[in-house]
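The primary structure of each chain is shown beneath.
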Amino acid sequence: MNSDREIILEAKNLRKEFGGLVAVEDVSVQIQARTLHSIIGPNGAGKTTLFNLLSGVLKPTRGFVYFKGQDITHLPPHRIAHLGIGRSFQITNIFPNLTVLENIRLASQALGGDNFRLLKASSDFQKYVDKALQVIEWVGLKGREADLARNLAHGEKRKLELGIMLAADPQVLLLDEPTAGMSSEQVPALLEIIHSIMNLGDKTIILVEHRMDMVMSISDRITVMHLGGLLAEGTPQEIASNQTVQTAYLGDLYGDLTESMEGKNG
Amino acid sequence: MAELQTQNVKKQKPGLFKQNQLAIIVLVLLILFPFIMSLITGQPANEGKPKFWEGQFINFFIMAVYAMSYDLLMGYTGILSFGHAAFFGAGAYTMALWLTHFAPLISSQYKITLPGGMDITTTLLFIVALLLVLIVSILMGLFFSGASVRVKGVYFAMITLAIGEAFHILSKATDFVKWTGADEGLHGVPVPLWINPTQHRLRFYFMALFFMVVMYLFLKRVTESPTGRVFVAIRENENRVRMIGFNPATYRSLAFVTSAIAAGLSGAMFSLWNMSATPSMTSAVTTINALIMTILGGVGTLIGPILGAGLMQIFSQFFYQWFGARWPLVFGLIFIALVVFLPYGIVGTYRLRKQGMKAGWTRFTKQFSAKK
């Protein structure tokens, strides 16, 4: 029980200003290890900015980020990646003119320590290829290894995006809207990948997502952001029944959500 | 998965000869070229017409290495640099300065002989010269990459243009006229006798050919290494490279240093070949030549720049004969046409076509087998 309470990632009083605009205001979140923690909120609530602060893409105006108790606030993104924090992007962020295999192989090579073997052929390092092939199968891109990433369909690109992150075998995975732009039929396959990640037992996922049904069903905890600040935090059930959240975010559209969640969990 | 792995293994081991058939045939032809010329013209391989054509090829070999070094930056790593002549010129001037001023001084005071009595002073000093070129090139590479830490893209290109011009101005500065000969440059560089390009043209020909082949293999190895793959990834998407745990600045520096070494060595070879180092070697025109050769042949391929250098050599030779000093004008028109009709260069366009054909065949055969 004690290990369940282990805090793996923590944001403390984070604040980010872009000129006069305050994108994230005094946000403190604690992410427990081996849980799926979702961050929701309407567009412009500061979710992606928070992600950028956690993964080192942006530096906060104030506040700190701790990973396993270590202050990582001012580490550059590539150092943070080395610590075991992976990140996928809302807007697909891949290597368009490289093959699917090479996209993922690069990511698995990144943390392997053979990056400066200038005079050895990369094909000599079979372990990275093996790892990449394994990940390709995992995310369901088998058979497309040799295709250029830019020739993939949108849903496949989203899977590749996930694969690039998974290849580095991170402990904490920051997923920024993995289903962005996907049709409803494509979502179950992605959900399955997320489930399989959690089933590994040692991964922590932080998820930003707009599909409320998905968030409600897979999250252990949910943090709600609104206008750059924190609005609420709790279990899916608590969030669904939270009156402030409902008025600020869920609105009438999800008015019957409380009932369905209660029915499911009660 | 197992199937794909065996495919991978198979792809790598179809025999050295079969895999590089064309390259090996071309190489053999290049090795035989002086003797074939000698047979055709009836003149000795070291004189007359064969000597002239060997000279053309020597120039081409050296420029090919220079073009490849540029492509490593532009084609593979996606760095647009307009200061490449500084690398070339640094190599040329290091070699020329050393051979003109320092080497004679040292060899007049010290003699190093082998136990058999053979004098190897000049040879050793020549090796020192090559090492110096290497060191200067590495420093130049680091210097240029240092400028790329904060500035990107076109802005970086502008900065490299400025740095390149600074070196050009330095190379013709009258303050150092005693050393560099300023505008005139250094002429009549005392090249070691055994590789003197006028007396031992055939030997120099093979040396230059060897130089090109070794540098090609070296650069090919680098581009196919784990590090080289990161270069390409930086070209494709630098932000993602950073997010998966590579520090782009480190790899950019490495690309710069590797490129500077190749360019510097080609510059040193060029100064040996011409027995001179002149400010024109550090000028923007020399940079633009690298750009033109690379684009002509195909960006992001190593064979492309070699072809581009060959074409450039042919163009400059014949066009000068046909059109006189106005030949760049005609060449410019041809260059425009080539860029319009072969936007990926000769090798790049060829590869795309081949790929398209291959994909077409796969589609075709797939349909065939599906019907069945």
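Residues numbered from 1 in each chain as written. Chains lettered and ligands numbered in written order. Predicted model: local features only at pLDDT ≥ 70, side-chain atom pairs only at ≥ 80, totals over all residues. Heavy atoms only, no water.

### With respect to the sheet that holds strand β5 (residues 70-71) of chain A
All names here are of chain A. Put simply, the test is: Pairing between strands is defined by DSSP: at least two bridges between them are needed. Runs of H or I in DSSP of at least four residues are treated as helices and runs of E of at least two as strands, each being numbered from the N terminus. Any two residues having at least one pair of non-hydrogen atoms within 4.5 Å are treated as being in contact. A fitted line through C-alpha atoms represents every axis, and for helices the fit uses only the stretch in contact; the resulting angles, taken between N-to-C directions, go from 0 to 180 degrees.
As summarised here, the arrangement of the 4 strands in space is β2-β1-β4-β5, forming an open sheet in which the pairing is antiparallel. A single partner strand is all that each edge strand has here, and the edge strands are β2 (21-32) and β5. In this sheet, β2 lies alongside strand β1 (residues 7-18) in antiparallel orientation, the contact comprising 8 bridges. Its bridge partner being in β2, Glu 10 is matched across the sheet by Gln 30. Against the sheet, helix α1 (residues 47-54) engages β1, β2 and β4 (62-67), with an angle of about 115° to β1.

### Section: unusual backbone geometry
Residues and elements named next belong to chain B. How we decide: Residue exposure (1.4 Å probe, protein chains only): buried if accessible area is under 20% of the type maximum, exposed if over 50%, otherwise partly exposed.
In this structure, Ala 182 takes a positive phi of about 45° despite not being glycine. In this structure, Ala 182 sits in the loop between α8 (177-180) and β1 (186-187). With a relative accessible area of 5%, Ala 182 lands in the buried category. At Met 275, a position not held by glycine, the phi torsion is positive, near 50°.

### Looking at the interface of chain B and chain A
The following threshold applies: In this description, buried area is defined as the sum, over both parts, of the accessible area (probe of 1.4 Å) that is lost when the two are combined. Every case where a carboxyl oxygen of Asp or Glu lies within 4 Å of a side-chain nitrogen of Lys or Arg is listed as a salt bridge. In protein, a polar contact requires one atom able to donate a hydrogen and another able to accept it; more generally it is a pair of N or O atoms within 3.5 Å, and residues adjacent in sequence count only if both atoms are side-chain atoms. Classification convention: Asp, Glu, Lys, Arg as charged; Ala, Val, Leu, Ile, Met, Phe, Trp, Tyr, Cys, Pro as nonpolar; all other residues, Gly among them, as polar.
Facing 29 residues of chain B, the contacting portion of chain A comprises 44 residues. Buried area between chain B and chain A, summed over both chains or domains, comes out near 3,200 Å², and the portion from carbon and sulfur atoms is 62%. Between Glu 161 of chain A and Arg 240 of chain B there is a salt bridge, and its shortest N-O distance comes to 2.3 Å. There are 15 residue pairs in polar contact (both at pLDDT 80 or more) connecting chain B and chain A. Contributing elements (two or more residues each) for the side of chain B that touches chain A: α1 (2-12), α9 (201-224), α10 (226-236), α11 (238-243) and α12 (248-274) of chain B. The greatest single-element share of the side of chain B that touches chain A, amounting to 7 residues, is contributed by α10 of chain B. Split into classes, the residues belonging to the side of chain B that touches chain A amount to 14 nonpolar, 9 polar and 6 charged.

### Quick notes on the domain arrangement of chain A
Residue and element names in this part refer to chain A. For clarity, the cut-off: An automatic or database domain assignment supplies the residue ranges for each domain.
When cut into domains, chain A gives domain 1 (1-84 + 170-266) and domain 2 (91-169). On a C-alpha basis, the centroid separation for the pair domain 1 and domain 2 is 26 Å. Each side of the interface is counted separately: domain 1 has 21 residues, and domain 2 has 13 residues. Taken together, both faces of the contact between domain 1 and domain 2 bury some 1,300 Å²; the carbon and sulfur share is 70%. When the buried area of domain 1 at its contact with domain 2 is split by residue, His 82, Pro 170 and Ile 193 rank highest and sum to 35% of it. For the interface between domain 1 and domain 2, the tally reads 1 salt bridge.

### Describing the sheet that holds strand β7 (residues 172-176) of chain A
Within a sheet, adjacent strands bond to each other through the backbone by hydrogen bonds, running parallel or antiparallel. All names here are of chain A. Overall, mixed pairing links the 6 strands, which are arranged β6-β7-β8-β3-β9-β10 in an open sheet. Only two strands of the sheet have a single neighbouring strand rather than two, namely β6 (85-88) and β10 (229-234). Across the sheet, the mean angle separating the axes of adjacent strands is 15° when strand polarity is ignored. Where strand β9 (residues 221-226) and β10 come together, 5 bridges link them in antiparallel fashion. Opposite His 226, over in β10, you have Gly 229 as the bridge partner. Most of the contacts of helix α6 (residues 187-199) go to strand β8 (residues 204-208), to which it runs at about 150°, and overall it touches β3 (36-40), β7 and β8.

### Digging into the pattern of salt bridges
When the charged atoms of two side chains with opposite charge come close together, those side chains can pair. Overall, the coordinates contain 20 salt bridges over all chains when judged by the stated rule. Put simply, Lys 127 of chain A and Asp 114 of chain A hold a salt bridge, and the shortest N to O gap is 3.5 Å. Taken as a pair, Lys 127 of chain A in helix α4 (residues 126-138) and Asp 114 of chain A in the loop between α3 (100-110) and α4 lie far apart in primary sequence, 13 residues in all. The salt bridge involving Glu 238 of chain B is made with Arg 252 of chain B; its shortest N-O contact spans 2.8 Å. Of this pair, Glu 238 of chain B sits in helix α11 while Arg 252 of chain B sits in helix α12, placing them 14 residues apart in sequence. On the basis of relative accessibility, which here comes to 19%, the residue Glu 238 of chain B falls in the buried class. Residue classification places Arg 252 of chain B among the buried positions, given a relative accessible area of 6%. Connected through salt bridges with shared partners, the residues Lys 152, Glu 238, Arg 242 and Arg 252 of chain B form a single ionic network.

### Notes on the packing of α9 of chain B against α12 of chain B
Residue and element names in this part refer to chain B. The criterion, for reference: With respect to orientation, any angle under 35 degrees is reported as roughly parallel, any angle over 145 as roughly antiparallel, any angle of 65 to 115 as roughly perpendicular, and every other angle as oblique.
It is the contact of α9 with α12, at a shortest axis distance of 11 Å, that shows an interaxial angle of 175°. As the angle between them shows, α9 and α12 are arranged roughly antiparallel. Across the interface between the two elements, Arg 201, Phe 204, Met 207, Ala 208, Phe 211, Met 215, Phe 218, Leu 219 and Val 222 of α9 pack against Thr 258, Ala 262, Leu 265, Ser 266, Met 269, Leu 272 and Trp 273 of α12. The residue inventory of the contact of α9 with α12, partitioned by class, reads 13 nonpolar, 2 polar and 1 charged.

### A few points about the nonpolar core
As a reminder, the rule being used: Only buried residues count toward a nonpolar core. Its members are Ala, Val, Leu, Ile, Met, Phe, Trp, Tyr and Cys residues joined through side-chain atoms within 4.5 Å.
Ranked by internal contacts, the top residues of the largest apolar core, which has 131 residues, are Leu 160 and Ile 205 of chain A together with Leu 272 of chain B. By residue number, the principal contributor to this core is helix α4 (residues 48-76) of chain B, which donates 15 residues. Viewed by domain, this core spans two of them, domain 1 (1-84 + 170-266) and domain 2 (91-169) of chain A, each represented by three or more residues. Look past the residues within four positions of Ile 205 of chain A in its chain and what remains in contact with it is Thr 35, Leu 36, His 37, Leu 173, Leu 175, Ile 194, Ile 197 and Met 198 of chain A. Within the second largest apolar cluster, 26 residues are counted, among which are Val 29, Leu 53, Val 172 and Met 225 of chain A.

### Here we look at the packing of helix α5 (residues 154-167) of chain A against α6 of chain A
All names here are of chain A. What counts here: Whether a crossing is left-handed or right-handed is set by the direction in which the near helix is turned from the far one by less than a right angle, anticlockwise for left-handed and clockwise for right-handed.
Between α5 and α6, the shortest axis-to-axis distance is 11 Å and the interhelical angle comes to 15°. As summarised for this structure, α5 and α6 are arranged roughly parallel, according to the angle between their axes. α5 and α6 meet at a crossing whose hand is left-handed. On α6, the residues touching Lys 159, Leu 162 and Leu 166 of α5 are Ala 189, Leu 190, Ile 193 and Ile 197. By residue class, the composition of the contact of α5 with α6 is 6 nonpolar, no polar and 1 charged.

### Comments concerning a nonpolar patch on the surface
Residue and element names in this part refer to chain B. Where we set the bar: Every patch collects residues that have over 30% relative accessible area and no salt bridge, joining them within 9 Å if they carry like charges and within 5 Å if they are nonpolar side chains (Val, Leu, Ile, Met, Phe, Trp, Tyr). For every accessible area listed, the method is Shrake-Rupley and the probe measures 1.4 Å; residues are considered covered only by the protein chains on display.
Taken together, Ile 25, Leu 27, Val 28, Leu 29, Ile 31, Leu 32, Phe 35, Ile 36, Leu 39 and Ile 40 make up a surface patch of nonpolar side chains, about 910 Å² in accessible area. With respect to the helices and strands, the residue Ile 31 is situated in helix α3 (residues 21-41). Judged by relative accessible area, Ile 31 falls into the partly exposed class, the value being 37%.

### Here's the deal with the packing of aromatic side chains
Note the cut-off: Within 6.5 Å between ring centres, the rings of Phe, Tyr and Trp (the latter by its six-membered ring) count as paired, and their orientation is classed by plane angle as stacked under 30 degrees, edge-to-face over 60, tilted in between. Criterion for a charge above a ring: Arg CZ or Lys NZ at most 6 Å from the ring centre, at most 35 degrees from the ring normal.
Under the definition given, this model contains 34 aromatic pairs over all chains. With a centroid separation of 6.4 Å and 85° between ring planes, the pair formed by Phe 143 of chain B and Phe 144 of chain B is classed as edge-to-face. The exposure class of Phe 143 of chain B is partly exposed, given its relative accessible area of 49%. Take Phe 144 of chain B: its relative accessible area is 0%, and that puts it in the buried class. One aromatic cluster in this structure is built from Phe 315, Phe 318, Phe 319, Trp 322, Phe 323, Trp 327, Phe 331 and Phe 335 of chain B. Residue placement shows Arg 87 of chain A over the ring face of Phe 89 of chain A; its charged tip is 4.4 Å from the ring centre.

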